[in-house]
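# Fold and geometry: a report
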Amino acid sequence: MSTRDEPSVYLREKRPGVYSIRPYFGRGEDGRIIWGKAETFTGDAKAALRRKKEIEIAILGGEFADLDTDTLAGFLKRYLHEQEVGGHVRSSTLRGYRTAVKRIPPKLGSKPINDLRPRDFKNMIVALDSSGLAASSIRQTLAVCGVALKAAVTAGELASDPMIGVKGPKVERRASFDEDATGKAMLRQDVDTIIRSFRASRPDLFATYFLAYATGMRRGELLGLHWSDIDLDARRLRVRRNLHWEQMTKEPEITPPKTASSKREIAFGASVVAVLATWREELRRVARLADAPMPRIVFPDLKTLDYMRPGALTARFRERCEEFAIDGNLHGLRHTHATELLADGEPVHRVSRRLGHSDVALTLRVYAHAIPGSDDEIAERCESVFDLASLTVAS
């Protein structure tokens with residue numbers, strides 16, 4: 001973009017604690033002043049100044065170069081940048097959002113947001129469906145647009161939501177999670193073989209996989225576990241954080257559990273107490289040899305005594321499965337945990353709570369195949385419970 005003077009950012013207090021921050025991109029060749037979209041910021045004066053500086057840096061870095069328009073593409077880019085700077089979403093989630101935005105047809109992306117109408121998005125659905133894009137991907141693109149445009153309405157940038165009445169295509173649900181090869185339950189004897197194989201050679205991995213199988217915890221929950229989260233006397237542990245580590249990044253991302261139900265307390269038995277106590281002593285020994293303090297992390301990388309990369313944990317399990325010609329993967333431990341409990345008659349709501357599912361309906365949908373019983377058994381119970389035979393006898 002050609003300008004006659006330098007870009008800058010203007011900060012104005014609209015009312016106490018509420019500021020307007022607006023990028024200025026100079027003047028075009030025709031002398032017209034080129035403004036970026038104003039951002040409404042809520043906070044104190046120091047925080048507003050920090051936000052102003054962030055936008056100035058982004059402009060100098062070229063990240064805001066094309067945000068001087070009111071187009072849908074420009075608005076969505078700005079919105080996602082604000083989410084990133086504000087730390088409102090995880091990096092992996094943000095990457096998914098940006099992938100979704102790239103699917104928007106160029107003609108729609110270049111349209112000013114004030115000119116958007118529901119039919120524009122309905123036409124987009126038809127176009128994306130005709131291109132062969134999966135229904136779930138179309139719904140994701142619509143969802144990102146919907147959230148961003150609702151934020152524009154709240155901020156006063158739009159008078160009304162242009163996506164009212166727009167519905168995405170239906171997504172067919174899988175009959176059961178057993179059909180998903182990436183997360184199916186394993187045979188109990190195969191789980192025993194894999195976990196036992198680490199006992200002597202890698203006590204750290206033995207303890208990690210053992211706890212995964214015994215509790216049904218997710219990989220990120222296991223690797224985010226601290227010793228302060230575990231009470232061996234009470235035989236309880238608390239899931240309070242989740243570890244996520246992008247493949248190309250140097251540092252992990254530690255976040256609270258994704259949903260309120262994921263933040264939970266899990267009980268365990270005497271065998272888990274024994275394994276964790278033994279592992280804690282071994283970890284103390286490793287730390288002493290390294291002349292380092294005892295790690296706060298339960299399952300650290302033994303080279304750094306800091307957080308372990310999730311990919312390494314998954315890879316070691318997969319390699320051992322291949323070595324023994326066993327069909328399974330790390331996430332299969334969680335599914336085996338749930339499947340075995342349900343098959344043994346454990347109530348669904350208890351298993352759901354233990355897994356940290358958002359609701360029991362999810363557990364039923366994923367593990368319905370594991371719940372014992374048949375319709376023939378129900379038929380026999382109906383005979384006795386309803387006393388059907390008595391209705392056949394003439395009174």
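This structure is a prediction, so every number in the text was calculated from the model and none was measured.

### Focus: the sheet that holds strand β6 (residues 236–239)
With antiparallel pairing, the three strands of this open sheet are ordered in space as β5-β6-β9. Each having just a single partner strand, β5 (230–231) and β9 (264–267) make up the two edges of the open sheet. Inspection of the sheet shows β6 paired to β9 by four bridges, in the antiparallel sense. Across the sheet, the residue bridging to Arg236 is Ala267, located in β9.

### Looking at the nonpolar core
Tyr209, Leu211, Met217, Ile230, Leu237, Phe299 and Phe317 are the most contacted members of the largest nonpolar core, which totals 45 residues. Contributions of two or more residues to this core are made by α7 (188–196), α8 (203–215), α9 (219–223), β6, α10 (270–289) and α11 (310–323). Discounting chain neighbours no more than four positions away, the residues touching Met217 are Leu211, Ala212, Leu222, Leu225, Leu237, Val239, Arg264, Ile266 and Arg334. Among the nonpolar cores identified, the runner-up in size contains 26 residues, and Leu76, Ile125, Leu149 and Val166 belong to it.

### Focus: the pattern of salt bridges
Taken as a whole, this structure holds 20 salt bridges when the rule is applied. We note a salt bridge from Glu157 to Arg78, for which the minimum N-O separation is 2.8 Å. Separated by 79 residues along the polypeptide, Glu157 in the loop between α6 (135–154) and α7 and Arg78 in helix α2 (residues 72–86) bring together distant segments of the chain. Asp161 serves as the salt-bridge partner of Lys150, at 3.2 Å between the closest nitrogen and oxygen. One end of the pair, Lys150, is in helix α6; the other, Asp161, is in the loop between α6 and α7, with 11 residues separating them in the sequence. Residue class for Asp161 comes out buried when judged on its relative accessible area of 15%. One network of salt bridges, with partners in common, ties together Glu39, Arg51 and Glu54.

### Concerning a negative patch on the surface
On the surface, a cluster of negative charge is contributed by Asp375, Asp376, Glu377, Glu380 and Glu383. Mapped onto the fold, Glu383 is located in helix α15 (residues 375–385).

### A short note on the confidence of the model for the protein
A residue-level look at the protein finds 90% of positions with pLDDT of 70 or above and a mean pLDDT of 86. Taken together, the stretch residues 174–182 has pLDDT below 50 and engages in 15 contacts with residues farther than four places along the chain or on a different chain.

### A closer look at the packing of aromatic side chains
A complete count under the given rule lists four aromatic pairs for this structure. The structure contains a cluster of three or more aromatic residues connected by ring pairs, namely Phe198, Tyr209 and Phe317. Its guanidinium or amino end placed over the ring of Trp227, Arg280 lies 5.8 Å from that ring's centre, counting from NZ or CZ. Lying over the aromatic face of Phe198, Arg320 brings its terminal NZ or CZ to 4.1 Å of the ring centre.

Scoring rules and cut-offs
- Residues numbered from 1 in each chain as written.
- Predicted model: local features only at pLDDT ≥ 70, side-chain atom pairs only at ≥ 80, totals over all residues.
- Heavy atoms only, no water.
- Pairing = 2+ DSSP bridges.
- Helix = DSSP H or I, 4+ residues; strand = E, 2+ residues; numbered from the N terminus.
- Core = buried A, V, L, I, M, F, W, Y, C linked by side-chain atoms within 4.5 Å.
- Buried < 20%, exposed > 50% of the residue type's maximum accessible area, 1.4 Å probe, protein only.
- Contact = heavy atoms within 4.5 Å.
- Salt bridge = Lys/Arg side-chain N within 4 Å of Asp/Glu carboxyl O.
- Patch = residues over 30% accessible without salt bridge, like charges linked within 9 Å, V, L, I, M, F, W, Y side chains within 5 Å.
- Areas by Shrake-Rupley, 256 points an atom, 1.4 Å probe, with all protein chains shown as cover.
- Lys, Arg positive; Asp, Glu negative; His and termini not counted.
- Charge placed at Lys NZ, Arg CZ, Asp CG, Glu CD.
- pLDDT = per-residue confidence, 0-100.
- Phe/Tyr/Trp six-rings, centres within 6.5 Å; stacked < 30°, edge-to-face > 60°.
- Lys NZ or Arg CZ within 6 Å of the ring centre and 35° of its normal.

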